[in-house]
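The lines below spell out each chain.
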Amino acid sequence: MLLGFDPMSLLTPDLGLVFWTTIVFLVFWLLVGKFAIKPITKAIKDREHSIADALSSAEKAKQEVQELQQSNVSLLKEAREESAKILKEAKEVKDSVIAEAHNRAKEEAAKIVASAKVEIDAQKKAALAEVKNEVSKLSLEIAQKVLGRELDASKDQQTYINSLVDKLN
Amino acid sequence: MLALLMPSALLANPEVPVNAEKSETKDVSSEVVEHIMNHVADANENHIATIHEAGVEKHISLPLPCILYNKSTGKLSVFMSSKLHDSHEGYDGYKMDNHTNRVVDAETGKRDTFYDFSITKNVFNMLLGFFILTIIFFTIKAAYVKRAGQAPTGIQSFFEPIIQFLIDEVAIPNLGAKYEKFLPYLICVFFFILINNLLGLVPFIGGINSSGNISFTLVLAMCSLLLINLNGNKHYWQHIFAMPGVPKWVLVILTPIELLGVVLKPAVLMLRLFGNITGGHIAVLAIVSLIFIMGKMGTTIGGATAGGAIAIPILLFVNAMELFVAFLQAYVFTLLTAIFIGAAIEDHHHAEENH
């Protein structure tokens, strides 16, 4: 007892204190553990899950967007190719239409020229016949005047003059 | 490892000033040691200060309820401790020991004639911690219910990382899939130890060594012991009574050792917490006492100044360390409990791998 106290007293549990500690701690455990800590840990866990879910769905959405973007790019490429093809075809069609029109115009012109020639020939023949008629008439009149007498406008003389006119050719 | 070394190192502390001063001022140092030990031990009133007025000692203390059961007469006495200060004859056959601040039998001056179920200063401290924690936890719970799924705010965000740490670093790694069953106990025991440790560091109203009392640590260790063994599976008991793969004659030696281990694990929990917290209190008080020891040795004022100059920086350091120890020991107790429970509920497959 040199120190003025019993060191073993520190290591000896006290009945009253054991009793109160047991009561206080058990009440704390039952009350707070059951009605506060359980809901708290559950809330933390639930929130953790919802955050994890949100993250994974965000990741999924990102992937979907990426896929969509990729398909968009390919779609755009296809559309471009398509439009180029259509343009090319349209050009071909245009060229062929123009060429055809050209050809047809040429043919038409040739036809017109040919029929014009035929017409001209006919007109020429008709004109020549007219001229011959006129000439024969004129010649008759001239001959009448030259002869100073009214020639008998018989059929023989007419035929004779016509043959003379024909010989002029 | 550090935790295992600390109790012995700190328990040796009260003897340091004694050995140093033995040859010269044995009176002062033994008085100091007595004072420290009385502080560290339980008391029936919360002693705040002693004032010397014209040679008369005047005690300022917070009175606490006394609940005493006389063994021989079977009489239950309930009264406030302040009643014992009114007269030297005491009250109801009890009086207050002015050195230890404990109720003693008025005739014999001893404590073996009655059972003391009083609200002592340690019980007072525990109840204070209990109410603080209950209010805090129900406030936090209300916040979690009200703001479900949202980020924590205020006091909630202070406690959530600690709870999260206990879940992620203590419960899950040691208990595996069944951790949720033991989570309330682990969190309760952590905060109950922590609040008592922290209240013990507050001077005047606190400074009470409740979590460093062997009765306190005994109860918590008993709870852990029950929880470990009541949840122990077939494999756990098989390992204790008949370790697989060991020759029969070895079991004669091994089984008693394993059985001893059942009790030793919680006993170590009990002693570690007791040693660390009591040691911390003793260290702080011993350093404070340096001022008084040196004050009485030399020319009182000068000696006290010198003592203060030495003591205050050390005190600051030790107090900061005690703050760390308060958290560390609560964590260590919780972690080891989780490890022991984890070993008891471990699946056969996993246990085999560990051997």
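Residues numbered from 1 in each chain as written. Chains lettered and ligands numbered in written order. Predicted model: local features only at pLDDT ≥ 70, side-chain atom pairs only at ≥ 80, totals over all residues. Heavy atoms only, no water.

S.K.: When you look at the overall build of chain A in this model, what are you seeing that I'm missing?
M.R.: The secondary structure content of chain A amounts to 2 helices and 0 strands. Across the 169 residues that make up chain A, the buried fraction comes to 14%. (Helix = DSSP H or I, 4+ residues; strand = E, 2+ residues; numbered from the N terminus. Buried < 20%, exposed > 50% of the residue type's maximum accessible area, 1.4 Å probe, protein only.)

S.K.: So what exactly am I meant to see when it comes to the nonpolar core here?
M.R.: One broad trend across soluble globular proteins is that nonpolar side chains are buried collectively. Within the largest apolar cluster, 66 residues are counted, with the highest numbers of intra-cluster contacts made by Phe137, Ile163 and Phe191 of chain B. If you list the elements that add at least two residues to this core, you get α1 (15-147) of chain A together with α5 (121-146), α6 (155-175), α7 (179-201), α8 (214-230), α9 (234-241), α10 (248-297) and α11 (300-345) of chain B. Broken down by element, the residue count for this core peaks at 15 residues, all from α7 of chain B. With residues up to four places along the chain from it excluded, the contact list for Ile163 of chain B reads Ile40, Thr41 and Ile44 of chain A together with Phe137, Ile187 and Phe191 of chain B. Ranked by size, the runner-up nonpolar core spans 14 residues in total, among them Val32, Ile214, Met270 and Ile293 of chain B. (Core = buried A, V, L, I, M, F, W, Y, C linked by side-chain atoms within 4.5 Å. Contact = heavy atoms within 4.5 Å.)

S.K.: I would appreciate a short explanation of the packing of aromatic side chains in the present structure.
M.R.: How two aromatic rings sit relative to each other is set out by the distance from centre to centre and by the angle between their planes. All names here are of chain B. Under the definition given, this model contains 21 aromatic pairs over all chains. Where Phe137 meets Phe191, the ring centres are 5.1 Å apart and the plane angle is 80°; that geometry is what we call edge-to-face. One end of the pair, Phe137, is in helix α5; the other, Phe191, is in helix α7, and 54 residues separate them in sequence. Considered together, Phe137 and Phe191 belong to a single accessibility category, that of buried residues. (Phe/Tyr/Trp six-rings, centres within 6.5 Å; stacked < 30°, edge-to-face > 60°.)

S.K.: Sorry, what's going on with a negative patch on the surface here?
M.R.: Negative charge collects at one region of the surface, where Glu78, Glu81, Glu82, Glu89, Glu92 and Asp95 of chain A lie side by side. By secondary structure assignment, the location of Glu78 of chain A is in helix α1. (Patch = residues over 30% accessible without salt bridge, like charges linked within 9 Å, V, L, I, M, F, W, Y side chains within 5 Å. Areas by Shrake-Rupley, 256 points an atom, 1.4 Å probe, with all protein chains shown as cover. Salt bridge = Lys/Arg side-chain N within 4 Å of Asp/Glu carboxyl O. Lys, Arg positive; Asp, Glu negative; His and termini not counted. Charge placed at Lys NZ, Arg CZ, Asp CG, Glu CD.)

S.K.: Please clarify how the interface of chain B and chain A should be interpreted in this entry.
M.R.: Note: interface size is frequently given as the accessible area lost on complex formation between the parts. Each partner contributes to the interface: chain B provides 58 residues, whereas chain A provides 38 residues. Across the chain B to chain A interface the summed buried area is about 4100 Å²; carbon plus sulfur atoms make up 82%. Where chain B meets chain A, there are 3 salt bridges. On the surface where chain B and chain A come into contact, there are 7 residue pairs in polar contact (both at pLDDT 80 or more). Elements that contribute at least two residues to the side of chain B that touches chain A include exactly α3 (26-40), β7 (114-116), α5, α6, α7, α8 and α10 of chain B. For the side of chain B that touches chain A, the element with the highest residue contribution is α5 of chain B, accounting for 12 residues. Tallied by class, residues from the side of chain B that touches chain A come to 38 nonpolar, 10 polar and 10 charged. (Buried area = accessible area lost by both parts, 1.4 Å probe. Polar contact = N/O pair within 3.5 Å; in protein donor to acceptor, adjacent residues only side chain to side chain. Nonpolar A, V, L, I, M, F, W, Y, C, P; charged D, E, K, R; others polar.)

S.K.: Help me understand the confidence of the model for chain B, please; the structure alone is not making it clear to me.
M.R.: Any region with low pLDDT has predicted coordinates that should not be read closely. All names here are of chain B. Residues at a pLDDT of 70 or more form 86% of chain B, whose mean pLDDT is 82. The weakest mean pLDDT in chain B belongs to helix α1 (residues 2-11) at 35; the strongest belongs to α8 at 94. Counting contacts from residues 1-25, a segment whose pLDDT is below 50, to residues more than four positions away or on other chains yields 31 contacts. A low-confidence stretch, residues 350-355 stays under pLDDT 50, and its non-local contacts, those more than four residues away or across chains, total 6 contacts. (pLDDT = per-residue confidence, 0-100.)

S.K.: Would you explain the sheet that holds strand β4 (residues 76-80) of chain B in this entry?
M.R.: Pairing between the strands of a sheet comes from backbone hydrogen bonds, and it takes one of two forms, parallel or antiparallel. Residues and elements named next belong to chain B. The antiparallel open sheet is built from 3 strands, whose spatial order is β4-β3-β7. Two strands close off the open sheet at either side, each with one partner strand: β4 and β7. For this sheet, the mean angle separating the axes of adjacent strands, direction not counted, is 25°. One ladder, built from 5 bridges, connects strand β3 (residues 65-70) with β4; its direction is antiparallel. The residue bridging Leu68 from the neighbouring strand is Ser77, located in β4. (Pairing = 2+ DSSP bridges. Axes fitted to C-alpha atoms, helices over the stretch in contact; angles between N-to-C directions.)

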